[in-house]
Amino acid sequence: MATKVSDHILERLRAWEVEHVFAYPGDGINGLLAAWGRADDKPRFIQARHEEMSAFEAVGYAKFSGRVGVCAATSGPGAIHLLNGLYDAKLDHVPVVAIVGQTDRTAMGGSYQQEVDLLSLYKDVASDFCEMVTVPEQLPNVLDRAIRTACARRSVTAVIVPADVQELDYSAPEHAFKMVPSSLGLSSYAPVPAADDVERAAQLLNEGEKVAVLIGQGARGARAEVMQIADRLGAGVAKALLGKDALDDDLPYVTGAIGLLGTRPSYELMQECDTLLVIGSSFPYAQFLPEFGQARAVQIDIDPHMVGLRYPFEINLVGDARATLQALLPHLEQNKNTGWRKRIEKNTTRWWEVMERRAAVDADPINPEYVAHTLNGLLPDNVVLAADSGSAANWYARHLRLREGMRGSLSGTLATMGPGVPYVIGAKFAHGDRPAIALVGDGAMQMNGMAELITIAKYWEQWADPRLVVAVLNNQDLNQVTWEMRAMSGAPQFLPSQALPDVAYGDFARSLGLGGLRVEKPQEVAGAWETALAADRPYVLDFRTDPAVPPIPPHASLDQIEAAAASVLKGDSDRTGMIRQGFKAKVQEMLPGGRRRESEGGAGDHT
C-alpha cells in the first residue's frame with residue numbers, strides 16, 4: 001500500500017520523537033485519523049473533551065517536559081477552538097505545533113461548509129511559521145520547519161493540511177529546481193554574549209552595594225549559577241511567577257513572587273536596591289521595579305527581541321542564562337555590604353511568619369489561604385503543580401514554597417481561565433511517574449475542568465503514579481474579578497455576573513470512578529490533602545472556601561496585616577465587615593498619590 005501524506009506526517013512526527021498528540025477528531029482530519037489507525041496509534045492520540053483543552057494539554061506537556069507540544073484539530077470550528085490555548089503558548093514562550101485540517105482544495109473559495117481562511121486566522125498566533133500544504137512534495141520541509149521553529153523560538157507554529165491532500169500518495173521532494181528538501185534535528189546550543197559586554201556588566205554589578213536579582217522562567221536551567229551570583233553580590237532574588245520553580249523558596253534570600261500577586265519583601269527589594277540584574281524574565285509591570293534613575297540595571301535574555309524592555313537597562317546581554325552567568329561569575333567581586341543581605345533575609349522571614357498568621361485567620365467556612373498553606377507542608381518532593389487564573393493564583397504565589405525538584409506553572413501572560421486541569425493532564429503524559437496537583441477556582445472548574453475530569457478518567461490507569469489531585473476552591477464567586485471590582489471601581493459584588501451555582505465536584509468525580517471529597521471544616525483540610533495524596537487514583541477535593549478573604553497587596557503595611565490577623569484571631573465577631581474594611585484601607589494604599597495601580601488581569605504573573 002502506498003504511503004499517504006497523512007502516513008508521512010505521523011512518520012515524520014515519530015522521527016522527531018514526538019510521543020503524544022493532544023487532539024480532538026473531526027472529518028477535516030479524517031485522513032490523519034485513518035493514518036493513526038495504520039500506525040498503531042504512534043504517536044499516541046490523546047483525546048481531550050474540547051480542542052481548547054487539547055491545546056492547553058499540549059502547553060502543559062511542553063512546559064513541564066521541555067519538549068515541543070503538538071496538538072491537532074479539524075477544520076473550521078476545531079481550528080478556531082485551538083486558538084486560546086495556542087495564544088497561551090505564544091505569550092508564555094512555549095514551543096507548540098498545531099496541525100489543523102482544511103476543506104478540500106477544490107472547495108476553497110466557495111463558501112463551503114466549515115471553510116475558514118485559516119492562514120489569515122492563524123497569522124498572528126503562529127506568526128513565526130504558518131503554512132498550508134497543497135502538494136505532497138512540500139513535506140517534510142513544512143513539518144520540519146514548524147517543529148524546528150517552535151523549538152528554536154519557543155513559539156507557536158501551524159501546519160494546515162487540506163483534507164484531500166491528506167489522502168494523496170506521498171512523494172518526496174526531488175533534487176530539482178523549486179523543490180525544497182529537508183532534514184531532521186536541532187542541536188542544543190547556548191549562546192554567550194561578547195566578552196567585552198560581559199566585562200562591562202560585571203563592572204556595573206561590582207559597583208552596586210544593594211543588588212536585587214529578578215529571575216523568570218529563562219533562569220530555570222541556571223539554578224546553581226543564580227545561587228552563586230546571589231551569594232557573590234550579596235543580593236536578594238525575586239521571582240516572576242513563571243519562574244517560581246526556578247529557585248528554591250526556602251533559601252533565606254529568595255523573596256518570592258513579584259507584582260500585585262507578589263510578596264512584601266519582593267516589593268521592598270525593588271524599592272530599596274541600587275542595582276538590578278534581570279535574568280530570563282520579561283516581567284512587564286514597571287511600577288513594581290525600581291524607580292527610574294534609582295538603580296543601574298543589567299538584563300540577560302536568550303531572545304534579542306525581548307531585551308531592553310520594561311526598564312532602562314544600561315547593558316543588555318543576549319545569551320543563554322546559564323552560560324552567560326558562568327561567563328560573568330569570574331569577573332564578579334564579593335560584595336562587602338553584608339547589612340543589605342541581612343535586611344533582605346529578615347524581611348523575608350517576617351513575611352513567611354505573616355503568611356502563617358494569615359492562613360490561621362478564621363473564615364466562613366474555610367480560609368482559602370489555609371488550604372494552600374496546609375498543602376505547602378505536604379508537597380511531595382517531585383510534585384508538578386499548576387494553578388488556574390483567579391484568586392487561586394494568589395495563594396499559589398504566596399503560600400506554596402517550591403523546593404528543588406518541584407515544578408509549577410500557570411497561564412502567566414495571557415492569564416486565561418481554565419488551563420489548570422489540562423496543564424496537569426499534559427504534565428502526567430510528560431511525567432507519568434510524578435504526582436500532580438491543580439489548584440483551581442470553582443469558576444475555572446465549571447468552565448472546563450469538570451469535562452476534563454472525563455479525560456483523566458479515560459487515561460489515569462496508564463500512568464505509573466496515579467496521583468493527580470484537583471483542588472477546587474469552591475466559594476461560589478468569581479472571586480478575583482469581584483475583588484478587582486471593589487478595588488478598582490469601588491463597586492460591591494454584582495451578583496448576576498459574579499455568583500456561581502454550588503456544584504458537588506467530589507460527587508461528579510466519584511461518578512467517573514475517581515476519588516472525591518467535599519471539605520467544609522478547617523480541621524478537615526489536612527486530612528483531606530493527606531487522603532488525596534495517598535490515594536490509588538486521581539482525586540478531587542472540593543474545599544468550601546470563604547469569598548470574603550481578600551488578596552493582599554505586597555505594599556500593604558506588615559503591621560496593618562498583622563494587626564488585622566490578630567484582631568480576627570481574638571474573636572472579632574464582625575469578621576466579614578472587618579475584612580472588607582481592612583481591604584478598603586489596603587486599596588487606598590494601592591493608590592499612592594491618587595494614582596491607581598494597574599491590575600494584573602485576574603491571574604498569574606509573567607515570564
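(A) Here's a closer look at the overall build of the protein chain. When helices and strands are tallied, the protein chain shows 23 helices and 18 strands. Compactness check: the protein chain gives a C-alpha radius of gyration of 25 Å against a globular reference of 25 Å for 607 residues, within 12% of the reference. Taking the principal axes of the C-alpha coordinates as reference, the protein chain spans close to 80 × 65 × 45 Å. The burial tally for the protein chain puts 58% of its 607 residues in the buried class.

(B) Broad picture of unusual backbone geometry. Here the bond from Lys 42 into Pro 43 is cis, since omega is -5 degrees, no more than 30 degrees from zero. Along the chain, Pro 43 falls in the loop between helix H2 (30-38) and strand E2 (44-47). With an omega of 0 degrees, the peptide bond between Asp 364 and Pro 365 qualifies as cis. Following the sequence through the fold, Pro 365 ends up in the loop between helix H13 (338-360) and helix H14 (368-376).

(C) A look at the layout of surface pockets. In this structure, the largest pocket encloses a volume near 1300 Å³. Along the walls of the largest pocket sit 45 residues, with Gly 66, Pro 95, Cys 151, Arg 154 and Ile 302 positioned nearest its centre. Of all the secondary structure elements, the ones that give two or more residues to the lining of the largest pocket are helix H3 (51-65), helix H7 (141-153), strand E11 (296-301), helix H12 (321-328) and strand E14 (407-409). Here the lining of the largest pocket takes four residues from H3, the largest share from any one element. Considered class by class, the residues forming the lining of the largest pocket number 18 nonpolar, 16 polar and eleven charged. By volume, the second largest pocket is sized at about 360 Å³. If you go around the second largest pocket, you meet 20 residues; those closest to its centre are Asp 128, Arg 153, Arg 154, Asp 303 and His 305. Elements that contribute at least two residues to the lining of the second largest pocket include exactly helix H5 (83-91) and H7. In terms of residue class, the lining of the second largest pocket is made up of eleven nonpolar, four polar and five charged.

(D) Structural detail: the packing of helix H10 (residues 223-233) against H12. Running from amino to carboxyl end, H10 crosses H12 at an angle of 35 degrees, the nearest separation of the two axes being 9 Å. Relative to H12, H10 is oriented so that their crossing is left-handed. Across the interface between the two elements, Glu 225, Val 226 and Ile 229 of H10 pack against Arg 322, Leu 325, Gln 326 and Leu 328 of H12. When grouped by side-chain class, the residues that make up the contact of H10 with H12 number four nonpolar, one polar and two charged.

(E) Geometry of the packing of aromatic side chains. Tallied over the entire structure, the rule returns eleven aromatic pairs. Ring geometry for Phe 283 and Tyr 285: centres 6.0 Å apart, planes at 70 degrees, overall edge-to-face. Lying over the aromatic face of Tyr 396, Lys 244 brings its terminal NZ or CZ to 5.5 Å of the ring centre. Cation over ring: Arg 401 sits above Trp 352, and NZ or CZ is 4.1 Å from the ring centre.

(F) Inspection of the sheet that holds strand E15 (residues 436-441) at higher detail. Strand order in this open sheet of six strands is E14-E13-E15-E16-E18-E17, and the pairing throughout is parallel. Each edge of the sheet is formed by a strand with only one pairing partner; in this case those strands are E14 and strand E17 (515-519). When the angles between neighbouring strand axes are averaged without regard to direction, this sheet yields 15 degrees. By the bridge criterion, three bridges tie strand E13 (residues 384-387) to E14 in an arrangement that is parallel. The residue of E14 that forms the bridge with Val 384 is Arg 407. Here helix H16 (residues 420-430) sits on the sheet and contacts E13, E14, E15 and strand E16 (468-474); the angle it forms with E15, its principal contact strand, is near 170 degrees. Contacts from helix H21 (residues 525-533) reach E15, E16, E17 and strand E18 (539-544), with the element oriented near 170 degrees to E18.

(G) Fine view of the pairing of E18. Within E18, six of the six residues are buried, leaving the element largely enclosed by the surrounding structure. A two-sided burial pattern is seen for E18, the buried positions comprising Tyr 539, Leu 541 and Phe 543 on one face and Val 540, Asp 542 and Arg 544 on the other. Pairing between E16 and E18: six bridges, direction parallel. Its bridge partner lying in E18, Val 470 is registered against Val 540. Inspection of the sheet shows E17 paired to E18 by five bridges, in the parallel sense. Each residue of the ladder has a partner; that of Arg 518, found in E18, is Asp 542. For the segment spanning E17, H21 and E18, crossover handedness is right-handed.

(H) A look at the confidence of the model for the protein chain. The predicted model of the protein chain averages 91 in pLDDT, with 91% of residues at 70 or higher. This model gives residues 560-576 a pLDDT under 50, and the stretch forms 25 contacts once residues within four places in sequence are excluded. The low-confidence segment residues 582-607, where pLDDT is below 50, has 85 contacts with residues more than four positions distant or belonging to other chains.

(I) Looking closely at the sheet that holds E2. Strand order in the open sheet made by the six strands is E2-E1-E3-E4-E6-E5, with parallel pairing throughout. Looking at which strands have only one partner, the edges of the open sheet turn out to be E2 and strand E5 (129-132). Between one strand axis and the next, the sheet turns through 20 degrees on average, direction left out of account. Judged from the four bridges that link them, strand E1 (residues 20-23) and E2 form a sheet pairing that is parallel. Bridging from a neighbouring strand, Ala 23 pairs with Gln 47 of E2.

(J) Examining H14 more closely. With seven of its nine residues buried, H14 lies for the most part within the structure. Looking at the buried side of H14, the elements it contacts are H13, helix H15 (391-399), E15, E16, H21 and E18. Residue Asn 367 occupies the N-cap position of H14, its side-chain oxygen lying 2.8 Å from the main-chain nitrogen of Glu 369.

(K) Up close: the packing of H3 against H16. Two numbers describe how H3 lies on H16: the axes approach to 7 Å, and their chain directions differ by 50 degrees. Comparing their axes, H16 and H3 come out oblique. Pair H3 / H16 crosses with right-handed handedness. Here H3 contributes Met 53, Phe 56, Glu 57, Val 59, Gly 60, Tyr 61, Lys 63, Phe 64 and Ser 65 to the contact with H16, which in turn contributes Pro 422, Tyr 423, Ile 425, Gly 426, Ala 427, Phe 429 and Ala 430.

(L) Layout of the pattern of salt bridges. Summed over all chains, the structure comprises 28 salt bridges. Taking the shortest distance from any N to any O, the salt bridge between Arg 105 and Asp 164 comes out at 2.9 Å. Here the residue Arg 105 occupies a position in the loop between strand E4 (96-102) and helix H6 (118-121), and Asp 164 occupies one in helix H8 (residues 163-166), the gap between them amounting to 59 residues. By relative accessible area, which is 17% here, Asp 164 ends up buried.

The rules behind these values
- Residues numbered from 1 in each chain as written.
- Predicted model: local features only at pLDDT ≥ 70, side-chain atom pairs only at ≥ 80, totals over all residues.
- Heavy atoms only, no water.
- Helix = DSSP H or I, 4+ residues; strand = E, 2+ residues; numbered from the N terminus.
- Rg over C-alpha atoms; globule rule 2.2 N^0.38 Å.
- Buried < 20%, exposed > 50% of the residue type's maximum accessible area, 1.4 Å probe, protein only.
- 1 Å grid on protein atoms, 1.4 Å probe; cavity = no way out; pocket = protein on both sides within 12 Å on 5 of 7 lines; lining within 4 Å.
- Points joined across faces, edges and corners; volume = space filled by probe spheres on them.
- Nonpolar A, V, L, I, M, F, W, Y, C, P; charged D, E, K, R; others polar.
- Axes fitted to C-alpha atoms, helices over the stretch in contact; angles between N-to-C directions.
- Left-handed = near helix turned anticlockwise from the far one by under 90°.
- Contact = heavy atoms within 4.5 Å.
- Phe/Tyr/Trp six-rings, centres within 6.5 Å; stacked < 30°, edge-to-face > 60°.
- Lys NZ or Arg CZ within 6 Å of the ring centre and 35° of its normal.
- Pairing = 2+ DSSP bridges.
- Right-handed = clockwise from strand over helix to strand, strands pointing away.
- pLDDT = per-residue confidence, 0-100.
- Polar contact = N/O pair within 3.5 Å; in protein donor to acceptor, adjacent residues only side chain to side chain.
- Parallel < 35°, antiparallel > 145°, perpendicular 65-115°, else oblique.
- Salt bridge = Lys/Arg side-chain N within 4 Å of Asp/Glu carboxyl O.

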